[in-house]
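What follows is each chain in one-letter form.
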Amino acid sequence: MTVMDIPHSDIADWAVDTTLRSDTTLSTRAMLLNMGPSHPAMHGVIRIVLALDGERVEDADIEIGYLHRAFEKESETVGWGQVFPYTDRLNYVSPIINNVCYAMGVEKLLDIHPTERCEYIRVISSEVSRITDHLTCVAASAMELGAMTPFIYLMKAREYLYELIEELTGARLTISYVRIGGVKADFPPGWLERLDKALDLVLREMEDVDVLLTRNRIFIDRLKDVGVISKEDAWSLGFTGPLLRSTGMPRDLRKDEPYSIYDRLDFDVPVGTVGDNYDRYLVRMEEMRQSVRMIRQASRQIPGGPVQVDMSGRPLTGAQMVDAAKMGMTADLLLRTVRPDPTLDGADKKSAQAIRTADRRVSLPPKEDTYGNIEGLMNHFMLIMEGEGIKTPPGEIYIANEAPNGELGFYMVSDGSGRAYRVRCRPPCFYLMQGMDRMIIGDMIADVIATFGTVNMIAGELDR
Amino acid sequence: MDSPARSGPHTLTAMPEPTHDDPTIARLRAEFGDAVLETHAHRGDVTAVIRADRYRDAVRLLRDDPECDYDFLTDLAGWDRLKLRQTPRFEVVLHLYSLSRNARFRLKTRPEDNAEPVLDSIVDIYPAANWPEREVYDMFGIRFTGHPNLKRILMYEGFEGHPLRKDYPFNKRQPRVVEREIPDDRPGMIF
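Predicted model only: the values in this text are computed from it and were never measured.

K.L.:
What should I look at first to understand the overall build of chain A in this one?
P.N.:
Helix and strand counts for chain A stand at 20 helices and eight strands. The 464 residues of chain A split such that 50% are buried. Counted over contacts in chain A with a minimum sequence separation of 6, partners at least 24 positions apart contribute 69%.

In structure tokens, the structure reads:
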């Protein structure tokens, strides 16, 4: 692996090209152009400062941080189980995958393993999320190049899946579906059959888009040999996911370091050849088809049984939880004073009923019940406040899974209290954006939009 | 709401998993001797702590040595051990991956000065460390000597303090950002 030069990115140091061209008598000057942080063709708040020579990009400086919301600091101030809503907002196009990765991390700290059925539920819902993420990416990139029809088709396809996600989790984006040691709820009756039908519809929409785009002269001209990055550069800059695979590197965590039940599924890892925008488009399209393959295999393999486990890894049913409470295992309850926290705004009965399932095994009761009657209090206590929430043993772990944009990782440090001492999120986009200036320098300014689209930056996980 | 009193001990207990048979640890020990301060393999994550003055050498060895061959920097992060009452206070954590061996490794180092933590930059060894080092500087105030462009990345210029330090209160407020003049230091550039 070659060590490369450091990206030259300090604007103040930009050499201003005022030299006379050897072949002409006209002098040129670089023009500074701000793209973003708020720009109609940029999905997400990011500022790219471009130095332009005519329409050609001479240099680029990428400024991030506009959507920073202190995810890592917030994670240190709440219990382990309370971080899930924050993880939804990392990559908000495929929140289930963030949920799963975070839950896997805490489970690794606790050394517990979810049940078989839960693993399958997680994999199926993760792959559905991956398809929605890729659909969004391809749709948005096509639209930004002026192809409105594929955008509508793919959004329609995404809608089929979002409806199922909504049915499963109760929300479309901020789903908070996964729990430590389980998931919030089992599939609703008939869900897998409906998913199978929806996947057929998605594949049909994708075929249409395939016909519209893949051999489309204009589309190819806009994408081919644009935004190129070499395999070596991509590897040394920390690229993962479709961007790395588009350069011809068959690296996929689901294949190389199979977690959950991915080793039981038969799938291919599509790779590109030159690492340009067109390759990235093709890789994403093929990955969606592979995800469909995976979902169909997993739907056939999924066993029955419980979806939740307790702290020592034993399967746990809601009835057992209630029985334990009935047998008087609530001694700590009397010693505790409950102090409502201002952050609990919005957890009232009305909004809770609107977004959560009423299943008491898995769902926290509304706050009126928690503070108002003993059943609600017990329910809440056994779910959340046993001891002091979930107590992980002291230690540190790193967990990674394959998110739609690449390797999503969590480095977690526990000091044995009920809270994270440190949670570090390794967002795939952070490393992709670090190398984006390399992809756009030398291209035309209109190509910045095309490249930015296929990089699929998600500001939520980039800035955390 | 800055961390109310936590229950439980404020220490990380010794990790039970031994690391004697790990080839990378053996290689590091052979090369750096007692500059390898600690090793453990908690939950299978093989980890070594290297003294800050040999940090760059260790990183270079891990990348270039054919037995190690960690050619991919997965992540670089920092954390503050203030509330664990451990010193030195800051720790920088590298997660490395070797494609040829399909193995992961965690290397940690501790900049010695608690007040003005300084560490060598490894951007010339792993170009991927560029932005993560900026983030560690932004969040913890650890300066990386030799970094080509060490400035804040997620926070804005003019932000006071380093937010992920444990003595930075969770709910601290920042003063208003004063309006800045755009420096006219790029003559010849058209705005």
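K.L.:
What's the story with the pairing of strand S3 (residues 56-63) of chain A in this structure? I'm lost.
P.N.:
Successive residues of a regular strand alternate their side chains across the two faces of the sheet. Residues and elements named next belong to chain A. Sheet topology note: the strand S2 (residues 47-53)/S3 ladder contains seven bridges and is antiparallel. Following the sheet pairing, Ile 48 is matched in S3 by Ile 62. Adjacent in sequence and paired antiparallel, S2 and S3 are bridged by two residues, among which Gly 54 carries a positive phi angle near 65 degrees.

K.L.:
Help me understand the nonpolar core in this model?
P.N.:
The nonpolar side chains of a soluble globular protein tend to be buried, and buried together. If you look at the biggest cluster of nonpolar residues, it comprises 157 residues, and the most contacted ones within it are A:Leu432, A:Met433, A:Met457, B:Leu96 and B:Leu107. Among residues more than four places away in sequence, those in contact with B:Leu107 are B:Ala48, B:Ile50, B:Ala58, B:Val59, B:Leu62, B:Leu94 and B:Leu96.

K.L.:
Just to check I follow, could you spell out helix H19 (residues 445-455) of chain A for this structure?
P.N.:
The α-helix winds at 3.6 residues per turn, so residues separated by three or four positions along the chain end up facing the same way. Residue and element names in this part refer to chain A. In terms of residue burial, H19 counts as a mostly covered element, since eight of its 11 residues are buried. Along H19, the residues classified as buried are Asp 447, Val 448, Ala 450, Thr 451, Phe 452, Gly 453, Thr 454 and Val 455. Taken from the residues just after H19, Asn 456 is the one with a positive phi, measuring 60 degrees.

K.L.:
Just to check I follow, could you spell out the packing of helix H6 (residues 191-213) of chain A against helix H11 (residues 277-301) of chain A for this structure?
P.N.:
The packing of two helices is summarised by the inter-axis angle and the distance between the axes. Residue and element names in this part refer to chain A. For the pair H6 and H11, interaxial distance at closest approach is 11 Å and the crossing angle is 160 degrees. Considered as vectors, H6 and H11 are oriented roughly antiparallel to each other. Here H6 and H11 pass one another in a crossing that is left-handed. Judged by residue contacts, Leu 192, Leu 195, Asp 196, Leu 199, Leu 203, Met 206 and Asp 210 of H6 engage Met 285, Met 288, Val 292, Ile 295 and Ser 299 from H11. A class-by-class count of the residues in the contact of H6 with H11 yields nine nonpolar, one polar and two charged.

K.L.:
Sorry, what's going on with the sheet that holds strand S6 (residues 395-403) of chain A here?
P.N.:
Note: strands within a sheet are paired through backbone hydrogen bonds, in either parallel or antiparallel orientation. Residue and element names in this part refer to chain A. Pairing is antiparallel in the open sheet, where three strands are placed in the order S6-S7-S8. Strands with a single pairing partner mark the edges of an open sheet, and in this sheet they are S6 and strand S8 (420-426). Strand-to-strand twist across the sheet, computed as the mean angle between neighbouring axes with direction ignored, equals 15 degrees. With six bridges joining them, strand S7 (residues 406-414) and S8 adopt antiparallel strand pairing. In the sheet register, Ser 414 faces S8, and the bridge partner there is Ala 420. In the packing of helix H3 (residues 95-110) onto the sheet, the strands contacted are S6 and S7, and the crossing angle to S6 comes to about 150 degrees.

Calculation criteria
Residues numbered from 1 in each chain as written. Chains lettered and ligands numbered in written order. Predicted model: local features only at pLDDT ≥ 70, side-chain atom pairs only at ≥ 80, totals over all residues. Helix = DSSP H or I, 4+ residues; strand = E, 2+ residues; numbered from the N terminus. Buried ≥ 20, exposed ≤ 12 C-beta atoms within 10 Å, placed from the backbone. Contact = placed C-beta atoms within 7 Å. Pairing = 2+ DSSP bridges. Core = buried A, V, L, I, M, F, W, Y, C linked by C-beta atoms within 7 Å. Axes fitted to C-alpha atoms, helices over the stretch in contact; angles between N-to-C directions. Parallel < 35°, antiparallel > 145°, perpendicular 65-115°, else oblique. Left-handed = near helix turned anticlockwise from the far one by under 90°. Nonpolar A, V, L, I, M, F, W, Y, C, P; charged D, E, K, R; others polar.

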